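# Close look at the chain arrangement
These are the residues of each chain, in order.
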Amino acid sequence: MRVVVCVEPWGLSDASRAAVALAVRVFPRDAITALAATDSSATAALAEAQELGAFRTAQVMEESLESLDVGGLGKTLSQALLSLQADLVLCGARSDDEGRGIVPAAIAHHWKAPYVPHVEELAVSGGEATVLVRSNGRKRKLAVPLPAVLTVGASLTVAPAIRPDAHPLSVEILRLGDAAQRTLNRSSDLGTLEKPKRKPVAASSASDLLRRW
Amino acid sequence: MANIIVFVEVRRDETTLASRFAVGEARRVASELGATVYGVIATGPASEAAIAMHGKVIGEAGADRVLCCADAALGGPLLDAEAGPFLAGLCERLRPVLTLFPAGAVGPALGPPLAMRLGGLFHARASLELVRDGGAPRLVLRRFRAADGAVRTLDVAGAHARPAVATLPAGLASRLRGAPAVEVEMLPYPAGASAVRELSSEPDDGEAIELAPALLAVGSDVKAADLTALRAAAPPGAVVIRDGERPPGIDLACPARMLVAGKAAAAAIVRRTLTPGTRVAVAGGKAAEKDLGRIDVIWRPAKTGLSPLVAALNGSARSEVAR
(Lines give C-alpha, C1' and ligand atoms only; values in the text may rest on other atoms or scores of the structure.)
Protein backbone atom coordinates (compact mmCIF):
# COMPACT_ATOMS: atom_id res chain seq x y z
CA MET A 1 0.00 0.00 0.00
CA ARG A 2 1.45 3.33 -1.05
CA VAL A 3 -0.19 6.43 0.37
CA VAL A 4 0.77 9.87 -0.91
CA VAL A 5 -0.20 13.06 0.90
CA CYS A 6 0.00 16.04 -1.45
CA VAL A 7 1.02 19.16 0.45
CA GLU A 8 1.44 22.83 -0.33
CA PRO A 9 5.09 23.58 -1.14
CA TRP A 10 5.10 26.94 0.64
CA GLY A 11 3.92 25.51 3.96
CA LEU A 12 1.29 23.09 5.19
CA SER A 13 -2.25 24.32 5.65
CA ASP A 14 -4.28 23.20 8.65
CA ALA A 15 -6.15 20.87 6.32
CA SER A 16 -2.93 19.34 5.00
CA ARG A 17 -1.74 18.77 8.56
CA ALA A 18 -5.00 16.97 9.24
CA ALA A 19 -4.49 14.89 6.09
CA VAL A 20 -1.00 13.82 7.18
CA ALA A 21 -2.28 13.09 10.69
CA LEU A 22 -5.10 10.93 9.32
CA ALA A 23 -2.66 9.00 7.14
CA VAL A 24 -0.36 8.41 10.12
CA ARG A 25 -3.27 7.15 12.19
CA VAL A 26 -4.40 4.65 9.54
CA PHE A 27 -1.27 3.42 7.76
CA PRO A 28 2.19 2.17 8.72
CA ARG A 29 4.58 5.04 8.64
CA ASP A 30 6.72 3.57 5.88
CA ALA A 31 3.70 3.59 3.55
CA ILE A 32 3.34 7.36 3.65
CA THR A 33 5.00 9.77 1.23
CA ALA A 34 4.57 13.53 1.29
CA LEU A 35 4.62 15.08 -2.18
CA ALA A 36 4.91 18.70 -3.27
CA ALA A 37 5.35 20.35 -6.66
CA THR A 38 6.89 23.75 -7.21
CA ASP A 39 9.54 25.61 -9.14
CA SER A 40 11.72 26.11 -6.06
CA SER A 41 12.47 24.37 -2.79
CA ALA A 42 9.68 22.82 -0.73
CA THR A 43 12.06 21.62 1.96
CA ALA A 44 10.42 23.40 4.88
CA ALA A 45 6.94 22.10 4.05
CA LEU A 46 8.17 18.57 3.47
CA ALA A 47 10.19 18.66 6.68
CA GLU A 48 7.02 19.50 8.59
CA ALA A 49 5.20 16.65 6.85
CA GLN A 50 7.99 14.34 7.91
CA GLU A 51 7.82 15.58 11.50
CA LEU A 52 4.10 14.82 11.42
CA GLY A 53 4.80 11.26 10.32
CA ALA A 54 5.52 11.00 6.59
CA PHE A 55 8.29 8.46 5.98
CA ARG A 56 9.35 9.60 2.56
CA THR A 57 9.29 13.01 0.92
CA ALA A 58 9.27 13.74 -2.77
CA GLN A 59 9.10 16.86 -4.88
CA VAL A 60 8.54 17.71 -8.49
CA MET A 61 10.76 20.68 -9.23
CA GLU A 62 10.26 22.34 -12.59
CA GLU A 63 10.55 25.95 -13.66
CA SER A 64 7.28 25.65 -15.56
CA LEU A 65 5.38 25.10 -12.32
CA GLU A 66 5.68 28.80 -11.56
CA SER A 67 3.13 29.60 -14.22
CA LEU A 68 0.98 26.50 -14.48
CA ASP A 69 -2.72 26.83 -13.88
CA VAL A 70 -4.49 24.35 -11.63
CA GLY A 71 -5.10 21.93 -14.47
CA GLY A 72 -1.40 21.82 -15.27
CA LEU A 73 -0.54 21.38 -11.61
CA GLY A 74 -3.02 18.53 -11.34
CA LYS A 75 -1.52 16.88 -14.38
CA THR A 76 1.99 17.26 -13.02
CA LEU A 77 1.04 15.78 -9.65
CA SER A 78 -0.87 12.93 -11.28
CA GLN A 79 2.22 12.01 -13.28
CA ALA A 80 4.26 12.10 -10.09
CA LEU A 81 1.72 9.73 -8.53
CA LEU A 82 2.27 7.29 -11.38
CA SER A 83 5.98 7.54 -10.77
CA LEU A 84 5.45 6.88 -7.05
CA GLN A 85 3.01 4.02 -7.83
CA ALA A 86 0.50 5.52 -5.42
CA ASP A 87 -2.61 3.59 -4.38
CA LEU A 88 -4.27 6.36 -2.40
CA VAL A 89 -3.89 10.14 -2.27
CA LEU A 90 -4.85 12.35 0.64
CA CYS A 91 -4.94 16.14 0.38
CA GLY A 92 -6.06 19.01 2.54
CA ALA A 93 -9.53 20.07 1.44
CA ARG A 94 -8.36 23.63 0.83
CA SER A 95 -5.12 25.51 1.14
CA ASP A 96 -4.43 28.49 3.34
CA ASP A 97 -3.38 30.43 0.23
CA GLU A 98 -6.09 30.78 -2.40
CA GLY A 99 -8.34 28.36 -0.56
CA ARG A 100 -10.42 27.26 -3.52
CA GLY A 101 -10.02 23.53 -2.90
CA ILE A 102 -9.64 22.59 -6.55
CA VAL A 103 -6.18 21.01 -6.73
CA PRO A 104 -7.32 17.63 -5.35
CA ALA A 105 -10.06 17.46 -7.98
CA ALA A 106 -7.51 18.37 -10.65
CA ILE A 107 -5.30 15.50 -9.48
CA ALA A 108 -8.24 13.09 -9.53
CA HIS A 109 -9.29 14.29 -12.98
CA HIS A 110 -5.90 13.64 -14.54
CA TRP A 111 -5.21 10.50 -12.51
CA LYS A 112 -8.66 9.23 -13.56
CA ALA A 113 -9.53 8.28 -10.01
CA PRO A 114 -12.64 8.83 -7.86
CA TYR A 115 -12.65 12.08 -5.89
CA VAL A 116 -14.24 12.11 -2.45
CA PRO A 117 -13.88 15.34 -0.44
CA HIS A 118 -14.01 15.95 3.32
CA VAL A 119 -13.59 12.40 4.59
CA GLU A 120 -13.70 12.06 8.36
CA GLU A 121 -12.81 8.41 8.88
CA LEU A 122 -10.70 6.11 6.77
CA ALA A 123 -9.86 2.42 6.60
CA VAL A 124 -8.46 0.37 3.73
CA SER A 125 -8.82 -3.29 2.88
CA GLY A 126 -9.20 -5.44 -0.21
CA GLY A 127 -8.46 -2.67 -2.69
CA GLU A 128 -11.12 -0.37 -1.27
CA ALA A 129 -11.10 2.59 1.06
CA THR A 130 -13.95 2.82 3.54
CA VAL A 131 -14.64 6.45 4.35
CA LEU A 132 -17.13 8.51 6.30
CA VAL A 133 -18.45 11.63 4.59
CA ARG A 134 -21.32 14.06 5.05
CA SER A 135 -23.48 14.35 1.97
CA ASN A 136 -27.07 15.31 1.23
CA GLY A 137 -28.02 15.56 4.89
CA ARG A 138 -26.60 12.25 6.06
CA LYS A 139 -23.34 10.86 7.40
CA ARG A 140 -22.50 8.12 4.97
CA LYS A 141 -20.06 5.25 5.13
CA LEU A 142 -18.82 4.59 1.61
CA ALA A 143 -16.64 2.02 -0.11
CA VAL A 144 -14.39 3.74 -2.63
CA PRO A 145 -12.28 1.68 -5.05
CA LEU A 146 -8.57 2.44 -5.17
CA PRO A 147 -6.82 4.34 -6.49
CA ALA A 148 -8.71 7.34 -5.19
CA VAL A 149 -8.20 10.95 -4.14
CA LEU A 150 -9.62 11.88 -0.73
CA THR A 151 -9.55 15.25 0.98
CA VAL A 152 -9.57 16.13 4.66
CA GLY A 153 -11.00 19.28 6.21
CA ALA A 154 -9.07 21.51 8.59
CA SER A 155 -11.48 20.88 11.42
CA LEU A 156 -10.88 17.13 11.54
CA THR A 157 -9.37 16.56 14.93
CA VAL A 158 -6.65 13.98 14.62
CA ALA A 159 -3.99 13.92 17.30
CA PRO A 160 -0.74 14.79 15.53
CA ALA A 161 2.04 12.29 15.90
CA ILE A 162 5.11 14.51 16.05
CA ARG A 163 8.20 12.46 15.32
CA PRO A 164 11.20 14.00 17.03
CA ASP A 165 13.13 10.91 15.95
CA ALA A 166 12.48 11.60 12.28
CA HIS A 167 15.49 11.05 10.08
CA PRO A 168 17.17 14.09 8.59
CA LEU A 169 15.13 15.24 5.64
CA SER A 170 16.11 13.83 2.29
CA VAL A 171 13.82 15.01 -0.47
CA GLU A 172 13.56 12.84 -3.53
CA ILE A 173 13.39 15.03 -6.63
CA LEU A 174 11.11 13.60 -9.30
CA ARG A 175 12.00 14.27 -12.93
CA LEU A 176 8.96 13.98 -15.15
CA GLY A 177 8.93 13.86 -18.91
CA ASP A 178 6.90 15.89 -21.41
CA ALA A 179 6.92 19.10 -19.39
CA ALA A 180 5.99 21.01 -22.51
CA GLN A 181 2.65 19.25 -22.68
CA ARG A 182 1.80 20.46 -19.22
CA THR A 183 2.54 24.11 -19.86
CA LEU A 184 0.16 24.84 -22.66
CA ASN A 185 -2.34 26.77 -20.60
CA ARG A 186 -0.62 29.61 -18.83
CA SER A 187 -3.61 31.89 -18.46
CA SER A 188 -4.44 32.81 -14.89
CA ASP A 189 -7.55 31.19 -13.49
CA LEU A 190 -7.53 33.16 -10.27
CA GLY A 191 -9.01 36.50 -11.29
CA THR A 192 -7.74 39.95 -10.38
CA LEU A 193 -6.83 40.96 -6.84
CA GLU A 194 -8.32 43.83 -4.88
CA LYS A 195 -8.09 45.05 -1.33
CA PRO A 196 -11.34 44.53 0.53
CA LYS A 197 -13.36 47.70 0.96
CA ARG A 198 -14.12 48.34 4.59
CA LYS A 199 -16.67 50.99 5.32
CA PRO A 200 -18.42 49.75 8.42
CA VAL A 201 -21.33 51.60 9.90
CA ALA A 202 -21.34 52.29 13.64
CA ALA A 203 -24.45 50.96 15.35
CA SER A 204 -25.84 52.92 18.26
CA SER A 205 -27.17 49.93 20.14
CA ALA A 206 -27.47 46.19 19.97
CA SER A 207 -30.91 46.54 18.42
CA ASP A 208 -29.49 48.92 15.84
CA LEU A 209 -26.73 46.42 15.10
CA LEU A 210 -29.24 43.67 14.41
CA ARG A 211 -31.40 45.96 12.34
CA ARG A 212 -28.47 46.88 10.09
CA TRP A 213 -26.97 43.36 10.00
CA MET B 1 -28.29 34.20 -24.89
CA ALA B 2 -26.15 33.17 -21.94
CA ASN B 3 -27.24 30.31 -19.72
CA ILE B 4 -26.78 29.99 -15.98
CA ILE B 5 -27.22 26.58 -14.36
CA VAL B 6 -28.09 26.25 -10.68
CA PHE B 7 -27.78 22.84 -9.05
CA VAL B 8 -30.76 22.25 -6.80
CA GLU B 9 -30.30 19.88 -3.87
CA VAL B 10 -33.21 17.89 -2.50
CA ARG B 11 -33.12 16.69 1.10
CA ARG B 12 -35.93 14.76 2.71
CA ASP B 13 -38.13 15.35 -0.35
CA GLU B 14 -37.73 19.14 -0.23
CA THR B 15 -35.46 21.51 -2.09
CA THR B 16 -33.03 23.07 0.37
CA LEU B 17 -33.30 26.71 1.39
CA ALA B 18 -29.69 27.17 0.23
CA SER B 19 -30.67 25.91 -3.23
CA ARG B 20 -33.61 28.27 -3.45
CA PHE B 21 -31.35 31.13 -2.39
CA ALA B 22 -28.88 30.17 -5.14
CA VAL B 23 -31.65 30.17 -7.74
CA GLY B 24 -32.77 33.58 -6.48
CA GLU B 25 -29.23 34.93 -6.78
CA ALA B 26 -29.00 33.65 -10.34
CA ARG B 27 -32.34 35.28 -11.13
CA ARG B 28 -31.16 38.58 -9.63
CA VAL B 29 -28.27 38.87 -12.08
CA ALA B 30 -29.84 37.04 -15.03
CA SER B 31 -32.67 39.50 -15.38
CA GLU B 32 -30.22 42.33 -15.98
CA LEU B 33 -27.97 40.28 -18.24
CA GLY B 34 -30.71 38.75 -20.35
CA ALA B 35 -29.56 35.29 -19.31
CA THR B 36 -31.64 32.16 -18.80
CA VAL B 37 -31.64 30.41 -15.41
CA TYR B 38 -31.86 26.62 -15.42
CA GLY B 39 -32.67 24.95 -12.12
CA VAL B 40 -31.28 21.43 -12.27
CA ILE B 41 -32.50 18.84 -9.81
CA ALA B 42 -30.54 15.60 -9.40
CA THR B 43 -32.25 13.33 -6.93
CA GLY B 44 -33.23 9.77 -6.15
CA PRO B 45 -36.48 8.26 -7.41
CA ALA B 46 -39.38 10.65 -6.80
CA SER B 47 -43.07 10.72 -7.61
CA GLU B 48 -44.48 12.93 -10.36
CA ALA B 49 -46.24 14.99 -7.73
CA ALA B 50 -43.01 15.56 -5.81
CA ILE B 51 -41.15 16.58 -8.95
CA ALA B 52 -43.97 18.92 -9.94
CA MET B 53 -43.76 20.49 -6.48
CA HIS B 54 -40.00 20.98 -6.85
CA GLY B 55 -40.65 22.63 -10.21
CA LYS B 56 -43.17 24.97 -8.63
CA VAL B 57 -40.83 25.96 -5.83
CA ILE B 58 -37.76 26.40 -8.03
CA GLY B 59 -39.76 28.32 -10.60
CA GLU B 60 -41.01 30.65 -7.90
CA ALA B 61 -37.44 31.06 -6.65
CA GLY B 62 -36.49 32.40 -10.08
CA ALA B 63 -35.65 29.60 -12.55
CA ASP B 64 -36.79 30.09 -16.13
CA ARG B 65 -36.65 26.37 -16.75
CA VAL B 66 -36.48 23.39 -14.44
CA LEU B 67 -34.72 20.17 -15.41
CA CYS B 68 -34.76 17.00 -13.34
CA CYS B 69 -32.93 13.71 -13.30
CA ALA B 70 -34.46 11.30 -10.80
CA ASP B 71 -32.60 8.02 -10.54
CA ALA B 72 -31.68 5.54 -7.85
CA ALA B 73 -28.02 6.32 -8.51
CA LEU B 74 -28.64 9.88 -7.29
CA GLY B 75 -30.43 8.83 -4.12
CA GLY B 76 -27.27 8.41 -2.06
CA PRO B 77 -24.23 10.62 -1.66
CA LEU B 78 -23.90 13.49 -4.13
CA LEU B 79 -20.38 12.83 -5.36
CA ASP B 80 -18.69 13.28 -8.70
CA ALA B 81 -18.80 9.53 -9.29
CA GLU B 82 -22.60 9.67 -9.15
CA ALA B 83 -23.58 13.06 -10.54
CA GLY B 84 -20.48 14.24 -12.42
CA PRO B 85 -21.12 12.61 -15.81
CA PHE B 86 -24.76 13.75 -15.77
CA LEU B 87 -23.79 17.35 -15.03
CA ALA B 88 -20.99 17.37 -17.57
CA GLY B 89 -23.36 16.06 -20.24
CA LEU B 90 -25.89 18.73 -19.40
CA CYS B 91 -23.24 21.44 -19.57
CA GLU B 92 -22.17 20.14 -22.97
CA ARG B 93 -25.75 20.70 -24.11
CA LEU B 94 -26.50 24.05 -22.48
CA ARG B 95 -22.99 25.60 -22.58
CA PRO B 96 -23.54 27.68 -19.44
CA VAL B 97 -21.30 30.65 -18.76
CA LEU B 98 -21.81 29.98 -15.07
CA THR B 99 -22.80 26.95 -13.02
CA LEU B 100 -23.75 27.56 -9.40
CA PHE B 101 -23.89 25.21 -6.44
CA PRO B 102 -25.71 26.00 -3.22
CA ALA B 103 -23.95 26.10 0.13
CA GLY B 104 -23.06 22.84 1.82
CA ALA B 105 -21.21 19.66 0.99
CA VAL B 106 -22.56 19.43 -2.54
CA GLY B 107 -20.47 22.36 -3.84
CA PRO B 108 -17.03 21.08 -2.87
CA ALA B 109 -18.05 17.59 -3.97
CA LEU B 110 -19.35 18.43 -7.45
CA GLY B 111 -18.02 21.91 -8.29
CA PRO B 112 -14.26 21.34 -8.66
CA PRO B 113 -14.61 18.12 -10.68
CA LEU B 114 -17.15 19.78 -12.97
CA ALA B 115 -14.82 22.74 -13.52
CA MET B 116 -12.08 20.29 -14.49
CA ARG B 117 -14.37 18.40 -16.86
CA LEU B 118 -15.41 21.67 -18.53
CA GLY B 119 -11.93 23.17 -18.64
CA GLY B 120 -13.48 25.95 -16.59
CA LEU B 121 -12.70 28.05 -13.54
CA PHE B 122 -13.80 27.33 -9.99
CA HIS B 123 -14.49 29.95 -7.32
CA ALA B 124 -15.52 28.67 -3.92
CA ARG B 125 -17.57 30.76 -1.50
CA ALA B 126 -18.31 33.35 -4.13
CA SER B 127 -20.71 36.23 -4.37
CA LEU B 128 -22.35 37.42 -7.59
CA GLU B 129 -22.11 41.07 -8.45
CA LEU B 130 -23.09 43.19 -11.42
CA VAL B 131 -20.56 45.84 -12.41
CA ARG B 132 -21.72 48.84 -14.35
CA ASP B 133 -19.00 51.01 -15.81
CA GLY B 134 -21.03 53.02 -18.23
CA GLY B 135 -21.98 50.23 -20.59
CA ALA B 136 -24.00 47.11 -20.22
CA PRO B 137 -23.72 45.40 -16.84
CA ARG B 138 -21.00 42.78 -16.43
CA LEU B 139 -21.25 39.78 -14.14
CA VAL B 140 -18.33 39.19 -11.79
CA LEU B 141 -17.62 36.56 -9.16
CA ARG B 142 -15.88 37.73 -6.02
CA ARG B 143 -14.31 35.58 -3.32
CA PHE B 144 -11.84 36.05 -0.48
CA ARG B 145 -8.32 34.73 -0.84
CA ALA B 146 -7.76 32.56 2.21
CA ALA B 147 -4.24 33.80 2.86
CA ASP B 148 -5.03 37.42 3.58
CA GLY B 149 -8.67 38.17 2.91
CA ALA B 150 -7.90 40.03 -0.30
CA VAL B 151 -10.72 39.89 -2.84
CA ARG B 152 -10.36 37.92 -6.04
CA THR B 153 -12.59 39.15 -8.86
CA LEU B 154 -13.34 37.09 -11.92
CA ASP B 155 -15.21 38.33 -14.99
CA VAL B 156 -17.84 35.88 -16.13
CA ALA B 157 -18.71 35.55 -19.80
CA GLY B 158 -16.05 37.96 -21.01
CA ALA B 159 -14.76 37.73 -24.54
CA HIS B 160 -12.18 35.05 -23.71
CA ALA B 161 -13.75 33.77 -20.52
CA ARG B 162 -13.83 30.09 -19.72
CA PRO B 163 -16.99 28.67 -18.17
CA ALA B 164 -17.14 29.40 -14.46
CA VAL B 165 -18.30 27.18 -11.62
CA ALA B 166 -18.95 28.65 -8.18
CA THR B 167 -20.43 27.87 -4.81
CA LEU B 168 -22.63 30.38 -3.02
CA PRO B 169 -23.41 31.08 0.63
CA ALA B 170 -26.45 29.84 2.51
CA GLY B 171 -28.86 32.73 2.33
CA LEU B 172 -32.14 33.39 4.00
CA ALA B 173 -35.42 32.98 2.21
CA SER B 174 -35.85 35.67 -0.38
CA ARG B 175 -39.04 37.04 -1.79
CA LEU B 176 -40.43 35.14 -4.72
CA ARG B 177 -38.68 36.18 -7.90
CA GLY B 178 -40.35 34.03 -10.52
CA ALA B 179 -43.36 31.96 -11.42
CA PRO B 180 -44.02 28.27 -10.84
CA ALA B 181 -42.45 26.19 -13.59
CA VAL B 182 -45.08 25.14 -16.11
CA GLU B 183 -43.14 22.05 -16.97
CA VAL B 184 -40.27 20.09 -15.52
CA GLU B 185 -38.16 18.53 -18.23
CA MET B 186 -37.07 15.06 -17.19
CA LEU B 187 -33.57 13.99 -18.17
CA PRO B 188 -32.19 10.44 -18.32
CA TYR B 189 -29.38 9.30 -16.07
CA PRO B 190 -26.32 8.47 -18.16
CA ALA B 191 -25.47 4.80 -18.40
CA GLY B 192 -22.68 3.41 -16.27
CA ALA B 193 -22.48 2.25 -12.70
CA SER B 194 -20.84 4.39 -10.03
CA ALA B 195 -17.65 3.02 -8.57
CA VAL B 196 -18.60 4.19 -5.07
CA ARG B 197 -20.90 2.06 -2.88
CA GLU B 198 -22.81 3.26 0.15
CA LEU B 199 -22.45 0.89 3.09
CA SER B 200 -24.61 2.68 5.65
CA SER B 201 -25.88 6.11 6.62
CA GLU B 202 -27.33 8.05 9.51
CA PRO B 203 -28.62 11.61 10.02
CA ASP B 204 -25.89 14.25 9.78
CA ASP B 205 -25.36 15.99 13.12
CA GLY B 206 -23.45 18.76 11.32
CA GLU B 207 -26.23 19.72 8.91
CA ALA B 208 -27.37 22.72 10.94
CA ILE B 209 -23.93 24.35 10.65
CA GLU B 210 -23.34 23.17 7.08
CA LEU B 211 -26.44 25.01 5.86
CA ALA B 212 -26.66 27.75 8.49
CA PRO B 213 -27.69 31.07 6.90
CA ALA B 214 -26.16 32.89 9.87
CA LEU B 215 -23.27 32.17 12.24
CA LEU B 216 -22.71 33.86 15.58
CA ALA B 217 -18.99 33.52 16.30
CA VAL B 218 -18.29 34.12 19.96
CA GLY B 219 -14.85 34.82 21.42
CA SER B 220 -13.42 32.56 24.08
CA ASP B 221 -13.59 35.50 26.49
CA VAL B 222 -17.39 35.47 26.49
CA LYS B 223 -18.81 34.22 29.75
CA ALA B 224 -20.58 30.88 29.82
CA ALA B 225 -23.81 32.51 30.93
CA ASP B 226 -23.70 34.93 27.98
CA LEU B 227 -22.95 32.05 25.63
CA THR B 228 -25.91 30.04 26.90
CA ALA B 229 -28.17 33.07 26.58
CA LEU B 230 -26.93 33.80 23.04
CA ARG B 231 -27.59 30.22 22.01
CA ALA B 232 -31.11 30.42 23.39
CA ALA B 233 -31.77 33.75 21.69
CA ALA B 234 -30.21 32.97 18.31
CA PRO B 235 -32.59 33.36 15.38
CA PRO B 236 -33.97 30.23 13.72
CA GLY B 237 -31.31 28.58 11.57
CA ALA B 238 -28.47 30.58 13.12
CA VAL B 239 -25.72 28.65 14.88
CA VAL B 240 -23.52 29.92 17.73
CA ILE B 241 -19.88 28.81 17.71
CA ARG B 242 -17.41 29.57 20.47
CA ASP B 243 -13.77 30.16 19.62
CA GLY B 244 -11.87 26.90 19.94
CA GLU B 245 -14.81 24.71 19.04
CA ARG B 246 -14.63 22.66 15.86
CA PRO B 247 -18.19 21.45 15.47
CA PRO B 248 -19.07 19.02 12.67
CA GLY B 249 -20.02 20.78 9.48
CA ILE B 250 -17.89 23.89 10.07
CA ASP B 251 -15.54 23.08 7.17
CA LEU B 252 -18.55 23.21 4.84
CA ALA B 253 -20.32 26.23 6.34
CA CYS B 254 -20.76 29.38 4.27
CA PRO B 255 -23.28 31.72 5.92
CA ALA B 256 -24.76 34.76 4.24
CA ARG B 257 -24.56 36.53 7.60
CA MET B 258 -21.96 36.46 10.36
CA LEU B 259 -22.05 38.14 13.75
CA VAL B 260 -18.80 38.21 15.73
CA ALA B 261 -19.19 38.87 19.44
CA GLY B 262 -16.58 39.29 22.15
CA LYS B 263 -13.11 40.74 22.46
CA ALA B 264 -11.12 38.05 20.68
CA ALA B 265 -10.76 37.65 16.94
CA ALA B 266 -12.85 34.93 15.34
CA ALA B 267 -10.91 31.75 14.66
CA ALA B 268 -9.50 31.28 11.16
CA ILE B 269 -11.74 28.29 10.61
CA VAL B 270 -14.76 30.56 11.12
CA ARG B 271 -13.39 33.52 9.17
CA ARG B 272 -12.79 31.31 6.16
CA THR B 273 -16.48 30.53 5.85
CA LEU B 274 -17.12 34.07 4.61
CA THR B 275 -17.81 35.37 1.13
CA PRO B 276 -17.36 39.02 0.09
CA GLY B 277 -21.13 39.22 0.00
CA THR B 278 -21.60 37.97 3.57
CA ARG B 279 -23.16 40.58 5.86
CA VAL B 280 -20.73 40.89 8.76
CA ALA B 281 -21.60 42.48 12.08
CA VAL B 282 -19.25 42.93 15.03
CA ALA B 283 -20.36 43.30 18.64
CA GLY B 284 -17.09 43.74 20.44
CA GLY B 285 -13.73 45.43 20.64
CA LYS B 286 -11.16 46.16 17.98
CA ALA B 287 -9.67 42.69 18.28
CA ALA B 288 -12.95 41.14 17.20
CA GLU B 289 -12.60 42.88 13.82
CA LYS B 290 -9.29 41.24 13.00
CA ASP B 291 -9.03 39.51 9.60
CA LEU B 292 -12.74 39.66 8.83
CA GLY B 293 -12.07 41.16 5.40
CA ARG B 294 -15.14 43.35 5.26
CA ILE B 295 -17.37 44.50 8.08
CA ASP B 296 -20.77 46.04 7.51
CA VAL B 297 -21.74 47.23 10.97
CA ILE B 298 -20.02 47.55 14.36
CA TRP B 299 -21.39 47.99 17.84
CA ARG B 300 -19.10 48.51 20.83
CA PRO B 301 -20.79 47.08 23.91
CA ALA B 302 -20.21 48.82 27.20
CA LYS B 303 -19.07 46.96 30.29
CA THR B 304 -22.47 45.42 30.57
CA GLY B 305 -21.19 42.68 28.28
CA LEU B 306 -23.39 41.03 25.72
CA SER B 307 -26.63 41.13 27.66
CA PRO B 308 -27.98 43.97 25.46
CA LEU B 309 -27.32 41.84 22.40
CA VAL B 310 -29.14 38.91 23.96
CA ALA B 311 -32.01 41.19 24.88
CA ALA B 312 -32.15 42.60 21.37
CA LEU B 313 -32.17 39.10 19.89
CA ASN B 314 -34.92 38.14 22.26
CA GLY B 315 -36.86 41.27 21.56
CA SER B 316 -38.41 42.85 18.59
CA ALA B 317 -35.28 42.44 16.48
CA ARG B 318 -35.69 38.69 16.61
CA SER B 319 -38.46 38.52 14.09
CA GLU B 320 -36.62 40.86 11.77
CA VAL B 321 -33.42 38.81 11.91
CA ALA B 322 -35.30 35.61 11.24
CA ARG B 323 -37.03 37.04 8.23
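In this report, we go over the structure that sits alongside the text. Everything quoted here is computed from the prediction, not taken from an experiment. (Residues numbered from 1 in each chain as written. Chains lettered and ligands numbered in written order. Predicted model: local features only at pLDDT ≥ 70, side-chain atom pairs only at ≥ 80, totals over all residues.)

### Focus on the overall build of chain A
Keep this limit in mind: Here a helix means four or more residues in a row that DSSP labels H or I, a strand means two or more in a row labelled E, and each is numbered from the N terminus. With C-beta atoms placed from the backbone, a residue is labelled by how many other C-beta atoms lie within 10 Å of its own: buried for 20 or more, exposed for 12 or fewer, partly exposed between the two. By definition, residue pairs are in contact when their C-beta atoms, positioned from the backbone, come within 7 Å.
Secondary structure assignment for chain A yields 5 helices and 12 strands. Burial analysis of chain A (213 residues in total) assigns 53% to the buried set. When contacts within chain A are restricted to residue pairs at least 6 apart in sequence, those whose partners lie at least 24 apart make up 73%.

### Side note on helix H4 (residues 103–111) of chain A
For H4(A), the tally of buried residues reaches 9 of 9 residues, placing the bulk of the element in the interior. Within H4(A), the full set of buried residues consists of A:Val103, A:Pro104, A:Ala105, A:Ala106, A:Ile107, A:Ala108, A:His109, A:His110 and A:Trp111. Those residues of H4(A) that are buried lie in contact with strand E1 (3–6), helix H3 (70–84), strand E4 (88–92), strand E5 (115–116) and strand E9 (148–152) of chain A together with helix H4 (106–118) of chain B. A:Lys112 occupies a position one or two residues after H4(A) and carries a positive phi of about 55°.

### A word on the nonpolar core
Note the following rule: What makes a nonpolar core is a set of buried Ala, Val, Leu, Ile, Met, Phe, Trp, Tyr and Cys residues, with links drawn between C-beta atoms within 7 Å. Reported domain spans reflect what an automatic or database domain assignment gives.
Among the nonpolar cores identified, the biggest contains 185 residues, and A:Val5, A:Leu90, B:Ile4, B:Val6, B:Leu100, B:Leu215 and B:Leu216 are the most heavily contacted of them. Considering every element that reaches this core, the biggest residue donor is helix H1 (residues 14–26) of chain A, with 8 residues. Two domains share this core, each providing at least three of its residues, namely domain 1 (3–186) and domain 2 (207–322) of chain B. For B:Leu215, the residues in contact, after removing those within four places along its chain, are B:Ala238, B:Val239, B:Ile241, B:Ala253, B:Pro255, B:Met258, B:Val270 and B:Thr273.

### Side note on helix H1 (residues 17–33) of chain B
All names here are of chain B. This is how the line gets drawn: How far a helix is expected to stretch is found by multiplying one less than its residue total by 1.5 Å.
If you check H1, its first and last C-alpha atoms are 24 Å apart, about what 17 residues at 1.5 Å a residue would give, namely 24 Å. Among the 17 residues in H1, 12 count as buried, and that is most of the element. Buried residues of H1: Leu17, Ala18, Ser19, Arg20, Phe21, Ala22, Val23, Gly24, Glu25, Ala26, Arg27 and Ala30, and no others. Check the buried side of H1 and you find it contacts strand E1 (3–8), strand E3 (14–15), strand E4 (36–43), helix H2 (48–61), strand E6 (98–101) and strand E8 (127–131). Phi turns positive, to about 75°, at Gly34, one or two residues after H1.

### Quick look at the environment of B:Pro188
If you trace the backbone, B:Pro188 turns up in the loop between strand E12 (184–186) and strand E13 (197–203). In sequence terms B:Pro188 and B:Ala61 are 127 residues apart; their C-alpha atoms lie 24 Å from each other.

### Concerning unusual backbone geometry
Here the bond from A:Leu146 into A:Pro147 is cis, since omega is 0°, no more than 30 degrees from zero. One non-glycine residue, B:Arg95, lies in positive phi territory at about 50°. For B:Arg95, the location among the structural elements is in the loop between helix H3 (80–94) and E6. Given 11 C-beta atoms within 10 Å, B:Arg95 falls into the exposed group.

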